[in-house]
Amino acid sequence: MRLLNIKKKNKAYSVYEDREYLGLIYKSDFDKAGLDINNAEGETEVDDDCIEKIRDIVSYRAYDKGVTLLTEAERCAEDIRLKLKMKSFPDYAIEEAINLLYEYNYLNDERFAEAFVRTYMDQKSKSMIIKELGMRRVNVPSVTEIIDRVYDEEDMTEDKAIDRLMKRFEGQDMSDDKTRRRAAALLIRHGFSFEQINNRLT
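Residues numbered from 1 in each chain as written. Predicted model: local features only at pLDDT ≥ 70, side-chain atom pairs only at ≥ 80, totals over all residues. Heavy atoms only, no water.

Brief notes about the overall build of the chain
Moving on, step 1. Counting its regular elements, the chain contains 10 helices and four strands.
Moving on, step 2. The C-alpha atoms of the chain give a radius of gyration of 25 Å, which is well past the 17 Å a tight globule of 202 residues would have.
Moving on, step 3. The C-alpha extent of the chain, read off along each of the three principal axes, is 75 × 35 × 25 Å.
Moving on, step 4. Residues classed as buried in the chain amount to 40% of the 202 residues present.
Moving on, step 5. Restricting the contact set of the chain to residue pairs at least 6 apart, pairs at least 24 apart contribute 58%.
Moving on, step 6. Element-wise, carbon and sulfur atoms account for 45% of the exposed surface of the chain, whose accessible area totals about 12,200 Å².
Moving on, step 7. For the chain, the centre of its 35 positive side-chain charges and the centre of its 42 negative side-chain charges are spaced 7 Å apart. (Helix = DSSP H or I, 4+ residues; strand = E, 2+ residues; numbered from the N terminus. Rg over C-alpha atoms; globule rule 2.2 N^0.38 Å. Buried < 20%, exposed > 50% of the residue type's maximum accessible area, 1.4 Å probe, protein only. Contact = heavy atoms within 4.5 Å. Areas by Shrake-Rupley, 256 points an atom, 1.4 Å probe, with all protein chains shown as cover. Lys, Arg positive; Asp, Glu negative; His and termini not counted. Charge placed at Lys NZ, Arg CZ, Asp CG, Glu CD.)

Following this line, the structure appears as structure tokens:
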């Protein structure tokens, strides 16, 4: 037998086995898990089957939340992990949900990378896009190939991105040192090289 500790938390119940957090369940889950709703709080002895059912309930709810998030917008696995963590899902449920989301193609790193490039190519350098995709642990064979393909499809260049950013200074005197410094700082923040900045501002 295994010992569960159940604590009421608003409309849900936090479930622990020893010190391991198994997740949140609701009144409607008690019967599915083989738990007695009349003894909803405190310690209770259960068998292995009950533990597995609780894990399945929590994992499926994490998966379902992941599907909802991905129908709202294209996201990467790291984004989903963070959002599920913020919803108090335990690590095992998050990883199970991520695996299922990949299996059913709700998560697709190449599709996310393409969407990310299309969103930011007119305001960030290629190197910054590559860096930010890396920070999100997007796993694709070649990020640069995706970037080059999307840029070709959209007839985009880094020079066009710089021109778009520089529209913020339209009508301002670029021979003024203060204005030039502000423009250079903006382009640096968006990942453009000193060479590109000098070429644009001189």
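Considerations on the environment of Lys 160
Moving on, step 1. Along the chain, Lys 160 turns up in helix H8 (residues 158-166).
Moving on, step 2. Along the sequence, Lys 160 and Ala 113 sit 47 residues apart, while their C-alpha atoms lie 20 Å from each other.
Moving on, step 3. For Lys 160, the side chain forms a polar contact with the main-chain oxygen of Asp 155, separated by 2.7 Å. (Polar contact = N/O pair within 3.5 Å; in protein donor to acceptor, adjacent residues only side chain to side chain.)

A word on the confidence of the model for the chain
Moving on, step 1. Here the chain shows a mean pLDDT of 92. Residues at 70 or above account for 100%.
Moving on, step 2. The lowest-confidence element of the chain is strand E4 (residues 42-46), averaging 83 in pLDDT; the highest-confidence one is helix H4 (residues 91-103), averaging 97. (pLDDT = per-residue confidence, 0-100.)

Concerning the pairing of strand E3 (residues 20-25)
Moving on, step 1. Strand direction decides the pairing type here: strand E2 (residues 12-17) and E3, joined by five bridges, are antiparallel. Among the inter-strand pairings, Ser 14 is bridged to a residue of E3, identified as Leu 24.
Moving on, step 2. Once E2 ends, the chain turns through two residues before running back antiparallel as E3, passing Asp 18 with a positive phi of about 55°. (Pairing = 2+ DSSP bridges.)

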